[in-house]
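Close look at the chain arrangement
What follows is each chain in one-letter form.
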Amino acid sequence: MMWPFIAGDITVEGSRVSDAMDLANVHADAFSHNWSGDEITRMIKSDNIRALQCRRPSTWLRPPSLGPKGFVLARVAADEAEILTIAVANDARSLGIGKTLMRAIMSDLYADRIKHLFLEVDETNEAAVALYHGLKFKEVGERKSYYTADKSNGDETRPRPRALVMRADLR
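Thresholds applied
- Residues numbered from 1 in each chain as written.
- Predicted model: local features only at pLDDT ≥ 70, side-chain atom pairs only at ≥ 80, totals over all residues.
- Heavy atoms only, no water.
- Helix = DSSP H or I, 4+ residues; strand = E, 2+ residues; numbered from the N terminus.
- Buried < 20%, exposed > 50% of the residue type's maximum accessible area, 1.4 Å probe, protein only.
- Contact = heavy atoms within 4.5 Å.
- Arc of directions from axis to C-beta.
- Expected span 1.5 Å × (residues − 1).
- Core = buried A, V, L, I, M, F, W, Y, C linked by side-chain atoms within 4.5 Å.
- Axes fitted to C-alpha atoms, helices over the stretch in contact; angles between N-to-C directions.
- Left-handed = near helix turned anticlockwise from the far one by under 90°.
- Nonpolar A, V, L, I, M, F, W, Y, C, P; charged D, E, K, R; others polar.
- Phe/Tyr/Trp six-rings, centres within 6.5 Å; stacked < 30°, edge-to-face > 60°.
- Lys NZ or Arg CZ within 6 Å of the ring centre and 35° of its normal.

What to know about the overall build of the protein
A count of helices and strands for the protein gives four helices and eight strands. For the protein, the succession of helices and strands along the chain, N to C, is β-β-α-α-β-β-β-α-β-α-β-β. Here the protein holds 171 residues, and the buried ones make up 40% of them. Taking the intrachain contacts of the protein between residues at least 6 apart in sequence as the baseline, contacts between residues at least 24 apart amount to 61%.

Brief notes about the side chain of Gln53
Tracing the sequence through the fold places Gln53 in strand S3 (residues 49–55). When sequence neighbours within four positions are dropped, the list of residues in contact with Gln53 reads Thr11, Val12, Glu13, Gly14, Ser15, Arg16, Asp19, Leu23, Pro68, Gly70, Phe71 and Leu101.

A word on helix H1 (residues 20–30)
Given 3.6 residues per helical turn, the α-helix brings residues three or four places apart onto the same face. Burial in H1 covers these residues: Ala20, Leu23, Ala24, Val26 and His27. The arc that holds every buried residue of H1, seen down its axis, measures 160°, which confines them to one face. Of the surrounding elements, those touching the buried residues of H1 are helix H2 (37–45), S3, strand S4 (70–77) and strand S5 (80–88).

A short note on unusual backbone geometry
One non-glycine residue, Ser94, lies in positive phi territory at about 65°. Looking at the element boundaries, Ser94 is found in the loop between S5 and helix H3 (97–111). Since its relative accessible area comes to 78%, Ser94 is described here as exposed. Residues other than glycine seldom take positive phi values, yet Arg113 does so here, at roughly 65°. Summarising the element assignment, Arg113 is placed in the loop between H3 and strand S6 (116–122). A relative accessible area of 59% places Arg113 in the exposed class.

A look at H3
Along its 15 residues, H3 runs 21 Å from first to last C-alpha, staying within 8% of the 21 Å computed at 1.5 Å per residue. For H3, the complete set of buried residues consists of Ile97, Gly98, Thr100, Leu101, Met102, Ala104, Ile105, Met106, Asp108 and Leu109. Of the residues flanking the end of H3, it is Arg113, one or two places downstream, whose phi is positive at about 65°.

Here's the deal with the nonpolar core
Counting residues in hydrophobic clusters, the biggest one holds 32 residues, and the most contacted among them are Ile83, Met102, Ile105, Met106, Leu117, Tyr132 and Phe137. Every element with two or more residues in this core is listed here: strand S2 (10–14), S3, S4, S5, H3, S6, helix H4 (126–134) and strand S8 (163–169). In terms of residue count, H3 provides more of this core than any other element does, seven residues in total. Met106 has contacts with Leu117, Leu135, Phe137, Ala168 and Leu170, leaving out every residue within four places of it along the chain. Grouped together as the second largest cluster of nonpolar side chains are 14 residues, Ala24, Val26, Ile49 and Ala87 included.

Details of the packing of H1 against H2
Contact pair H1 / H2: the axes reach a minimum separation of 8 Å and the direction vectors enclose 115°. As H1 packs across H2, the resulting crossing turns out to be right-handed. Contacts between H1 and H2 involve Ala20, Met21, Leu23 and Ala24 from the former and Gly37, Ile40, Thr41 and Ile44 from the latter. The residue inventory of the contact of H1 with H2, partitioned by class, reads six nonpolar, two polar and no charged.

What about the packing of aromatic side chains?
One pass over the structure, following the stated rule, counts one aromatic pair. It is Arg171 that lies over the ring of Tyr110; its NZ or CZ is 3.9 Å from the centre.

Remember that the coordinates give geometry; whether it matters functionally is a separate question.
Laid out in structure tokens, this is it:
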């Protein structure tokens, strides 16, 4: 696929090694267990990893685009792929960035004849689960007690959430 891709006021482009620290910051903003710039650099350099990021263009700044506001990493193996992570910065949530990134990576994988795309999502992340269902992902399995439970309310007995294993058929 030709990059950049523009959807409304969101630009999607391939990630570069020079973006790794910015992407690590976005990941740290989105997750309590985050990846370092070095880890993201290794993934971007890998032949079987697809890395896309998005920016929201700025008409008043030069260069005309702010730093990355979200990114997605997918690993390809034969005719299947797996979302390793998708992260959106807190200040860019609810703007359609996650959906735009997912549509872009799915389109990119479809163009390369990938048949199935898998991902895992925390069952308690209602917004993400709804997004994936809206993109025609189906639940195909689960990983029990996969994620760390939110114990911020003092309830130490709360069970650890499941990871839903989901698949989209691209072909």
